[in-house]
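# Reading the structure
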Amino acid sequence: MPRQRDPRFSKRQLGRLLRTFREQAGKTQPEVATTMDWSVSKLIRIEKAAVGVSTTDLRALLAEYGMHDQEVVADLVEVAKESREQPWYARYDAVTSEPFRRLLAYEGSTAAIHQFHPVLVPGHLQTADYARAVLATVYSGVELDLAVECRLQRQYRFESDRPKLVALVDEAAVRRTIGGPEVLRGQLRHLLARSAEDCTTLRVVPFTSGAHPGIGGAFMLLELDDEIGDTVLFEEAAGKDYLATGDNEVVTAAWERFLAIEQLALSEADTTTLLRQLVES
């Protein structure tokens, strides 16, 4: 299914546009609030995306700003509706951390993903059986089913609109028999299929690299689309996931770490050869 922008970003987009339309119309916030019979704080909260706006109020605002292009109005009404919806991951609160939910929100606006994992195949590339075996180390029963469903839904939402994915994994990730030999073999076949796609680059960091900058843990860098124009760092750790945005020192250091690991990785061709050998062994 096509990716949908997260409601919080739809709200932010709408707030920015409404502020632009107001300024282009040469109106101040107090003037508009008086005309609309609102408090000034209500208009401020809408423009700052602190609250949503009803489609009725939106149409009235656009008319106040002289925006009568029906196609533009219809598009903005759809954005307003999206901004008031529950995000798709809301049902998975019990099996996701707050930083991870923020990551899922950003993924709806992602142009490219760069990630490294020292032990496991990354979530975006996991088969259902492999994912269940991994998640069973943390969850059981209903929660396990919910966690697996969340992981597969996350993949499904990229199905027809995949961003560029550059995945680096330590050799341990493609040799560790998660779920048993057949589950691992199925996972390796899946990696071969995905790595053949133009939008996916998969490279293995071999054991012969020795100690390297990635052994400290898994992390992911998201390059967001031009409309948001930011970079997101997500670091995965048991019980203390971490997320940062922007071009600060932490994000810059993560980019440097990723590039250093990339220098040690096998080529795509050599990675494919290794995966085929492991499938056939």
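Residue positions within a chain follow its written sequence, with the count starting from 1. Where totals are concerned, whole chains, interfaces and linings use all residues; where local detail is concerned, this predicted model gives features only for residues with pLDDT of at least 70, and gives and counts side-chain atom pairs only at 80 or more. Here the side-chain values reflect all heavy atoms present in the structure, with hydrogen atoms and water set aside.

### A closer look at unusual backbone geometry
Despite not being glycine, Asp37 shows a phi value in the positive range, around 60°. Strands here are runs of E lasting at least two residues and helices are runs of H or I lasting at least four, both read from the DSSP assignment and numbered beginning at the N terminus. Looking at where Asp37 falls in the secondary structure, it is placed in the loop between α2 (29–36) and α3 (40–47). Given the relative accessible area of 71%, Asp37 is considered exposed. Notably, Ala49 is not glycine yet its phi reads approximately 65°, a positive angle. Counting through the fold element by element, Ala49 comes out in the loop between α3 and α4 (55–64). When a residue's accessible area, from a 1.4 Å probe over protein chains only, is under 20% of the maximum for its type it is buried; when over 50% it is exposed; and in between it is partly exposed.

### Looking at the UniProt feature "domain: HTH cro/C1-type" (unreviewed entry) in the chain
UniProt positions are given in the numbering used here, feature names are shortened, and annotations may be inferred rather than shown by experiment. The residues that UniProt annotates with the feature "domain: HTH cro/C1-type" (unreviewed entry) are residues 18–72. Here residues 18–72 is 65% helix and 0% strand, with 12 Å between the C-alpha atoms at its ends.

### Brief notes about the pattern of salt bridges
A side-chain nitrogen of Lys or Arg and a carboxyl oxygen of Asp or Glu constitute a salt bridge if their distance falls within 4 Å. Scanning all chains against the criterion turns up 15 salt bridges. Between Arg257 and Glu235 there is a salt bridge, with the nearest N and O atoms lying 3.0 Å from each other. Of this pair, Arg257 sits in helix α11 (residues 249–264) while Glu235 is found in strand β5 (residues 231–236), placing the two residues 22 residues apart along the sequence. Here the residues in one salt-bridge network are Glu159, Arg162, Arg194 and Glu197, joined through shared partners.

### As for the layout of surface pockets
Estimated volume of the largest pocket: approximately 810 Å³. Secondary structure elements with two or more residues in the lining of the largest pocket: α6 (98–107), β1 (110–117), α7 (128–135), α8 (141–156), β4 (218–224) and β5. Per-element accounting of the lining of the largest pocket gives the leading share, four residues, to α8. For the lining of the largest pocket, the residue count by class is 21 nonpolar, eight polar and five charged. In this analysis the probe radius is 1.4 Å and the grid spacing 1 Å, with only protein atoms considered; a cavity is a set of points the probe fits into but cannot get out of, a pocket is an open set with protein on both sides within 12 Å along at least five of seven lines, and lining residues have an atom within 4 Å of a point. Grid points are joined across faces, edges and corners, and a volume is the space filled by probe spheres set on the points. The nonpolar class holds Ala, Val, Leu, Ile, Met, Phe, Trp, Tyr, Cys and Pro. Asp, Glu, Lys and Arg form the charged class, and all remaining residues, Gly among them, are polar.

### What about helix α10 (residues 181–195)?
Counting along an α-helix, one turn takes 3.6 residues, and residues three or four places apart therefore face a common direction. Here α10 contains 15 residues, and its C-alpha end-to-end distance of 21 Å stays within 8% of the 21 Å for a straight helix at 1.5 Å per residue. Any two residues whose heavy atoms approach within 4.5 Å at even a single point are treated as in contact. Residues of α10 that are buried sit in contact with α7, β2 (164–170), α9 (171–175), β3 (200–205) and α12 (268–280). Multiplying 1.5 Å by the residue count of a helix minus one yields the expected span of that helix.

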